[in-house]
Amino acid sequence: MSPRRAAPLTLEFVLLGLLAESPAHGYELHQKLRKLQPLALVWNVGQAQLYALLDKLASQGLLAGEVFPGEHHPDRMRFCLTAAGQSRFASWLAEPVLHARDLRQEFLAKLYFARRHGCAPDLIARQRAACLAWVNSLNAQYDALNPGQLDERLVFAFRQRQVRALLDWLEDAEKWVGDEQPPA
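Residues numbered from 1 in each chain as written. Predicted model: local features only at pLDDT ≥ 70, side-chain atom pairs only at ≥ 80, totals over all residues. Heavy atoms only, no water.

Undergrad: Would you mind going over the nonpolar core with me for this structure?
TA: Soluble globular proteins: nonpolar side chains tend toward being buried together. Counting 50 residues, the largest nonpolar core has Val14, Leu33 and Phe113 as the members making the most contacts within it. Broken down by secondary-structure element, the contributors of at least two residues to this core are α1 (10–21), α2 (26–35), α4 (47–59), β3 (76–81), α5 (83–94), α6 (103–117), α7 (120–144) and α8 (150–179). Residue contributions to this core peak at eight residues, all from α7. In contact with Leu33, not counting residues within four places along its chain, are Leu11, Val14, Leu15, Leu18, Leu39, Ala40, Val45 and Leu50. (Core = buried A, V, L, I, M, F, W, Y, C linked by side-chain atoms within 4.5 Å. Buried < 20%, exposed > 50% of the residue type's maximum accessible area, 1.4 Å probe, protein only. Helix = DSSP H or I, 4+ residues; strand = E, 2+ residues; numbered from the N terminus. Contact = heavy atoms within 4.5 Å.)

Okay, here's the thing in structure tokens:
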């Protein structure tokens, strides 16, 4: 076992976000995730994994559950956020992602919920600032290389362009969110 503490999965925060909107039992959450197109395009979660994540979040004090007996179905545990769960979700939602590779899943999940909570422009602005810091750092590292370090220069040039493309997309996203216009 690694001595490092495992970071929460983005999917855990997606569950917190869905439960921030309304309490639900596991099967309802599974159906929401399957039908909610923006999130379903990014995640495919099995019911067993979902129930394990709900148990984990409940054991961390982020969710509270109430058992509802069923006449024609098994008893169901209905989950809702605790104050700690609400606080953890709000903190996650406010922070930009820390690595460019995390924009594809984590940032898109954050943006989905940020739009519903009215804080998307602020989140995008913070993410753009983080990306600008990344590209500036990459530029400095690239500039420190000598011309003979071709392999390193290729890697840094690739990463620079990748972050610049993310910045372009964030600029567009900022416009689209501000205008509530879909991308053409």
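Undergrad: Help me understand α7, please; the structure alone is not making it clear to me.
TA: Counting along an α-helix, one turn takes 3.6 residues, and residues three or four places apart therefore face a common direction. When the terminal C-alpha atoms of α7 are compared, their 36 Å separation across 25 residues agrees well with the 36 Å that a helix rising 1.5 Å per residue should span. Every buried residue belonging to α7 is among Ala120, Leu123, Ile124, Gln127, Ala130, Cys131, Trp134, Val135 and Leu138, and all of these are buried. Considering only its buried residues, α7 is in contact with α5, α6 and α8. (Expected span 1.5 Å × (residues − 1).)

Undergrad: Could you clarify how one ought to interpret the state of the cysteines in this entry?
TA: Linking two cysteines covalently through their sulfur atoms gives a disulfide. By the definition in use, this model includes zero disulfides. Cysteine Cys131 remains unbridged, with the sulfur of Cys119 as its closest cysteine sulfur at 17 Å. Classification of Cys131 by relative accessible area gives buried; the value is 0%. (Disulfide = S-S within 2.5 Å.)

Undergrad: Would you mind showing me how to read the pairing of β3 here?
TA: Moving residue by residue along a regular strand, the side chains alternate between the two faces of the sheet. Relative to β3, strand β1 (residues 24–25) runs antiparallel, the two sharing two bridges. Pairing of His25 across the sheet is with Arg78, part of β3. Here strand β2 (residues 63–68) pairs with β3 via six bridges, running antiparallel. When the sheet's bridge partners are listed, Phe68 is paired in β3 with Arg76. (Pairing = 2+ DSSP bridges.)

Undergrad: Could you clarify how one ought to interpret the pattern of salt bridges in this entry?
TA: One pass over the structure, following the stated rule, counts three salt bridges. Where Glu174 meets Arg128, a salt bridge forms, and the shortest distance between an N and an O atom there is 2.7 Å. Within this pair, whereas Glu174 is found in helix α8, its partner Arg128 is found in helix α7, the two being separated by 46 residues in sequence. Take Glu174: its relative accessible area is 30%, and that puts it in the partly exposed class. With its nearest N and O atoms 3.6 Å apart, the salt bridge here joins Glu171 to Lys175. Taken together, the residues Glu171 and Lys175, both in helix α8 and four residues apart, mark about one turn of the helix. With a relative accessible area of 33%, Glu171 lands in the partly exposed category. Judged by its relative accessible area of 45%, Lys175 is partly exposed. (Salt bridge = Lys/Arg side-chain N within 4 Å of Asp/Glu carboxyl O.)

So far we have only geometry, and geometry alone does not tell us how the molecule works.
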